[in-house]
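# Secondary and tertiary structure notes
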Amino acid sequence: MTAHLPFPTEPTPNSWDRGGLPAWTYHSEAVLALERSSVFLTHWQVVGHVSDLPKDGDWLTFDILGERAVVMRGQDGVVRAFHNLCRHRGARVVDGVQGSCRGSIVCPFHGWVYNLDGTLRGASRPDSFGGIDREKFSLKPIEMELFHGFIFLRFEPGPQPPVADLLAPFAADFAAYRSETLVSDGPSRWITELPVNWKSVRDVDNEGYHVPLAHPGLQDLYGRDYQDHQLAGGINFSRGAFGDRPGRIWSVRNYIKLSEDPEGLSPHLQKAWTYYGLFPATVFAFTPEGAQFYHEVPLSAGKTRLTGRLYRYAEETRQQRLARYLATRIDRDTSAEDQQLTIWSNESMASRAFDGFHLSDLEYGLRAHHDRLRDLIPVMALSDPPPEADIARRNAELLDRR
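Okay, so let's go over this structure. (Residues numbered from 1 in each chain as written. Predicted model: local features only at pLDDT ≥ 70, side-chain atom pairs only at ≥ 80, totals over all residues. Heavy atoms only, no water.)

## Focus: the overall build of the protein
On a plain count of helices and strands, the protein comes out with 10 helices and 17 strands. Radius of gyration (C-alpha) of the protein: 23 Å, near the 21 Å computed for a compact globule of 402 residues. Principal axes of the C-alpha set define a box for the protein whose edges measure 75 × 60 × 35 Å. Burial statistics for the protein: of 402 residues in total, 52% are counted as buried. (Helix = DSSP H or I, 4+ residues; strand = E, 2+ residues; numbered from the N terminus. Rg over C-alpha atoms; globule rule 2.2 N^0.38 Å. Buried < 20%, exposed > 50% of the residue type's maximum accessible area, 1.4 Å probe, protein only.)

## Some thoughts on the sheet that holds strand 10 (residues 150–154)
Here 3 strands make up an open sheet; going across it, the order is 1-10-9 and the pairing antiparallel. Because the sheet does not close on itself, it has two edges, and the strands there are strand 1 (45–49) and strand 9 (143–147). Strand-to-strand, the axes of this sheet are offset by a mean angle of 30°, without reference to chain direction. Sheet analysis places strand 9 next to strand 10, joined by 5 bridges and oriented antiparallel. (Pairing = 2+ DSSP bridges. Axes fitted to C-alpha atoms, helices over the stretch in contact; angles between N-to-C directions.)

## What to know about the layout of surface pockets
It is a probe the size of a water molecule, rolled over the atoms, that shows where empty space is left. Its boundaries defined by the atoms lining it, the second largest pocket holds a volume of some 360 Å³. Forming the walls of the second largest pocket are 20 residues, and the residues nearest its centre are Tyr226, Gln227, Asp228, Asp361 and Leu362. Within the residue set of the lining of the second largest pocket, elements represented by two or more residues are helix 5 (211–214), strand 12 (227–231) and helix 9 (364–376). Looking at the lining of the second largest pocket element by element, the count peaks at 4 residues for strand 12. (1 Å grid on protein atoms, 1.4 Å probe; cavity = no way out; pocket = protein on both sides within 12 Å on 5 of 7 lines; lining within 4 Å. Points joined across faces, edges and corners; volume = space filled by probe spheres on them.)

## A look at the packing of helix 7 (residues 250–258) against helix 8 (residues 318–348)
At a minimum axis distance of 9 Å, the contact between helix 7 and helix 8 shows a crossing angle of 150°. Classed by the angle they form, the pair helix 7 and helix 8 counts as roughly antiparallel. When you trace helix 7 past helix 8, the crossing you get is left-handed. Two secondary-structure elements touch here, helix 7 through Trp250, Ser251, Val252, Asn254, Tyr255 and Leu258 and helix 8 through Gln319, Leu322, Ala323, Leu326, Ala327, Arg329 and Ile330. (Parallel < 35°, antiparallel > 145°, perpendicular 65-115°, else oblique. Left-handed = near helix turned anticlockwise from the far one by under 90°. Contact = heavy atoms within 4.5 Å.)

## Some details on the pattern of salt bridges
This model, assessed by the stated rule, comprises 26 salt bridges. For Glu143, the salt bridge is made with Arg154, and the minimal N-O distance between the two is 2.8 Å. Here the residue Glu143 occupies a position in strand 9, and Arg154 occupies one in strand 10, the gap between them amounting to 11 residues. On the accessibility criterion, Glu143 (33% relative accessible area) is partly exposed. The structure contains a network of salt bridges with shared partners spanning Asp17, Arg367, Asp371 and Arg374. (Salt bridge = Lys/Arg side-chain N within 4 Å of Asp/Glu carboxyl O.)

## What to know about the packing of aromatic side chains
Applying the stated criterion across every chain yields a total of 28 aromatic pairs. Across from the ring centre of Tyr26, 5.1 Å away, lies the NZ or CZ of Lys199, which sits over that ring. For the cation-ring pair, Arg372 lies above Phe279, with the distance from its terminal atom to the ring centre recorded as 5.7 Å. (Phe/Tyr/Trp six-rings, centres within 6.5 Å; stacked < 30°, edge-to-face > 60°. Lys NZ or Arg CZ within 6 Å of the ring centre and 35° of its normal.)

## Topic: the nonpolar core
By size, the foremost hydrophobic cluster in this structure holds 42 residues, and its most contacted members are Phe62, Ile64, Val71, Leu153, Phe155 and Val379. Elements that contribute at least two residues to this core include exactly helix 1 (29–40), strand 2 (58–64), strand 3 (67–73), strand 4 (79–83), strand 10, helix 9 and helix 10 (391–400). When near neighbours in sequence (up to four residues on either side) are disregarded, Phe62 contacts Gln45, Val46, Val47, Glu67, Arg68, Ala69, Leu153, Phe155, His295 and Val297. Judged by nonpolar contacts, the second largest core, of 28 residues, contains Leu166, Leu167, Leu231 and Tyr311. (Core = buried A, V, L, I, M, F, W, Y, C linked by side-chain atoms within 4.5 Å.)

## Overview of the packing of helix 4 (residues 198–205) against helix 9
Between helix 4 and helix 9, whose axes approach to 9 Å, the crossing angle comes to 145°. Between helix 4, through Trp198, Lys199, Arg202 and Asp203, and helix 9, the contact on the second element is made entirely by Leu366, His369, His370 and Leu373. Here the contact of helix 4 with helix 9 is composed, by residue class, of 3 nonpolar, 2 polar and 3 charged. (Nonpolar A, V, L, I, M, F, W, Y, C, P; charged D, E, K, R; others polar.)

## Thoughts on empty space enclosed by the protein
Considering all chains together, one arrives at 1 cavity of 30 Å³ or more under this definition. What the largest cavity holds in volume is close to 70 Å³. Looking at the largest cavity, the residues that line it are Val46, Val47, Thr61, Phe62, Arg189, Phe293, His295, Thr307, Gly308 and Arg309. Of all the elements in the fold, those that place two or more residues in the lining of the largest cavity are strand 1, strand 2, strand 16 (290–300) and strand 17 (303–313). With 3 residues, strand 17 is the largest single contributor of residues to the lining of the largest cavity. Residues that form the lining of the largest cavity fall into these classes: 4 nonpolar, 4 polar and 2 charged.

These values are about where atoms sit, not about what they do.
In structure tokens form, the structure reads like this:
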């Protein structure tokens, strides 16, 4: 059931280096510090969907590697992103994952009050400051963009173009899925923490070579047709078509019976689960019943938070709801299987017996991800680790030689 794709993809080279990143890069805090400044803070991160903020004053938070963001819908209906730091002494102006404010934001530390557009309404005891210019003390904005309903931000300028340009090859697909009309599936956020480096999570997710053996549910559903595709600019697409067989596993068999495509899907989206990847660590996954995004948030060199949000169609029928439940069961099992693979893979990096990667053509997506990291942080190409205290200096030297 191979389908024609409406966007250009990059073929796997006939000859390529089948190695990957050296093991030491998975256990270095100095490398993570470089990834913080050169990868995570300077590249687009997805934080939610406009449906997560249905009312004025609704907000979401997003924390990563010491930076804190709050995304809020203002009284004018506009969604904005700010640093989640009070301009007085840096306290969080909102605390938690998600919530709502009534007309204003009140810092819980000293009671500074902000309007929903981030402007300072007033400081408590303003006379104690000897006069204060409110215009100079608005919440600091963060660069933010919307793409078919999804909310993206980045904390610092970086090499990626605007989201609409970056994801332009996928615009027609997101429109066909009507992603702008998706709604939050109740308390939609999920969180899991693993004792691994974030790259180990991405290594597992960036290839489908392991699907036939490691994921019996996915193999039963679409494993015969699953393919990964690389595109220019650090984005990728994967697709698995189903329905050619009835399925042996109970959840798969009944899902196939119940799943129905919404109207207007292009041929390559019909009877398929599709995945849209964005460097460094974000994936959007669509099924006929709804969508989710997930990504990795590094907490340290050896600890990673996996998190994402689930969405459905507002006009969901009972049949769609049942199919979505079964899809969630299949995906839940797949996630548990991947988490174990991630732990095993990350553990291997500490072994003296580990000789590095030797990749299949079916794992070229993993290599492409590693190449992009090496391009941003050239010290990661060194086979032998420099002393931890010298890694930043060596990386700066390598960048200067370009």
